[in-house]
Amino acid sequence: MIKIFFKLVVAVLLIPPFTHATEHNHESHVEAKLIELLVYKTPTCGCCKKWITHIEDEGVIAHSKDYRNISNIKTKYGIKPNYRSCHTAVTRNGFAFEGHVPAKFLKQFLAEKHNNAIGLSVPAMPVGSPGMEVGERFMPYNVLILFKDGTSEVYAEVKSYEEQF
């Protein structure tokens, strides 16, 4: 009877540490899903700052680095001239997001597996895209998935302002 009592006491004393460890592991798992980007931009670009605000409002952690010329950065990450925009954001594991990619699609892309993809692009600077808001104006645009071989495909069609969120 005493042995059973001691086993119960030991079990009761050990349950809280195991429960805490499980909770801690769950928190670490949630933290691992946080998205952190390094945004390369020019120091005077206001739309880049607005885009950074957009992604931060959606829970993405952004660090920016200003360069007078970011063409070399775009080349380094394999972004061809026809896919370029004003800023380039990069994850720690090397995925690139070129231009005014909505946070919604950035998060979706990172949650999926894409063989041979380097990232997403919104070429040029479409009016009404995140960071390019001009009153009530909106220009439909495509979010492209970029591949290592230099090709692309339409990843998402954005036909209305509301579809970006």
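Right above here is the structure, for reference.
Overview of the structure. Predicted model only: the values in this text are computed from it and were never measured.

## Comments concerning the overall build of the protein chain
Thought 1: The secondary structure content of the protein chain amounts to four helices and seven strands.
Thought 2: Reading the protein chain from its N terminus to its C terminus gives the helix and strand order α-β-α-β-α-β-β-α-β-β-β.
Thought 3: When burial is assessed residue by residue, the protein chain has 37% of its 165 residues classed as buried.
Thought 4: Sequence separation of 24 or more characterises 54% of the internal contacts of the protein chain that already satisfy a separation of 6 or more.
Thought 5: For the protein chain, the exposed area adds up to about 10,200 Å²; of that, 58% sits on carbon and sulfur atoms.

## Comments concerning the pattern of salt bridges
Thought 1: All told, the structure shown has four salt bridges when counted by the stated rule.
Thought 2: Here E36 ties to R92 by a salt bridge, and the two come within 3.1 Å at their closest N and O atoms. Here E36, found in strand 1 (residues 36-41), pairs with R92, found in the loop between strand 3 (88-91) and strand 4 (96-99); they are 56 residues apart in sequence, far enough to count as distant.
Thought 3: Residue E36 is classed as partly exposed on the basis of its relative accessible area, which comes to 27%.
Thought 4: A salt bridge links K41 to D66, with the nearest nitrogen and oxygen atoms 2.8 Å apart. Of the two residues, K41 is situated in strand 1 and D66 in strand 2 (residues 61-66); the sequence distance between them amounts to 25 residues.
Thought 5: Given the relative accessible area of 42%, D66 is considered partly exposed.

## Observations concerning unusual backbone geometry
Thought 1: Phi is positive for N116, close to 65 degrees, though the residue is something other than glycine.
Thought 2: Looking at where N116 falls in the secondary structure, it is placed in the loop between helix 4 (103-111) and strand 5 (117-122).
Thought 3: Phi is positive for A124, which is not a glycine, with a value near 65 degrees.
Thought 4: On the secondary structure map, A124 appears in the loop between strand 5 and strand 6 (141-147).
Thought 5: The exposure class of A124 is partly exposed, given its relative accessible area of 48%.

## Here's the deal with the pairing of strand 5
Thought 1: With six of six residues buried, strand 5 is to be regarded as a mostly interior element.
Thought 2: Sheet topology places strand 4 next to strand 5; four bridges connect them, and they run parallel. Bridge assignment links F97 to a residue of strand 5, and that residue is L120.
Thought 3: Handedness of the crossover joining strand 4 and strand 5 through helix 4 is recorded here as left-handed.
Thought 4: Pairing between strand 5 and strand 6: four bridges, direction antiparallel.

## Observations regarding helix 2 (residues 46-57)
Thought 1: For helix 2, which comprises twelve residues, the first-to-last C-alpha distance of 17 Å matches the rise-based estimate of 16 Å (1.5 Å per residue) to within 8%.
Thought 2: Of the residues making up helix 2, those classed as buried are C47, C48, W51, I52, H54 and I55. Buried residues of helix 2, seen end-on, are gathered within an arc of 155 degrees and therefore sit on one face of the element.
Thought 3: Those residues of helix 2 that are buried are in contact with strand 1, strand 2, strand 3, strand 4 and helix 4.
Thought 4: Backbone geometry just downstream of helix 2 places G59 in the positive-phi region, at approximately 90 degrees.

Criteria and thresholds
- Residues numbered from 1 in each chain as written.
- Predicted model: local features only at pLDDT ≥ 70, side-chain atom pairs only at ≥ 80, totals over all residues.
- Heavy atoms only, no water.
- Helix = DSSP H or I, 4+ residues; strand = E, 2+ residues; numbered from the N terminus.
- Buried < 20%, exposed > 50% of the residue type's maximum accessible area, 1.4 Å probe, protein only.
- Contact = heavy atoms within 4.5 Å.
- Areas by Shrake-Rupley, 256 points an atom, 1.4 Å probe, with all protein chains shown as cover.
- Salt bridge = Lys/Arg side-chain N within 4 Å of Asp/Glu carboxyl O.
- Pairing = 2+ DSSP bridges.
- Right-handed = clockwise from strand over helix to strand, strands pointing away.
- Expected span 1.5 Å × (residues − 1).
- Arc of directions from axis to C-beta.

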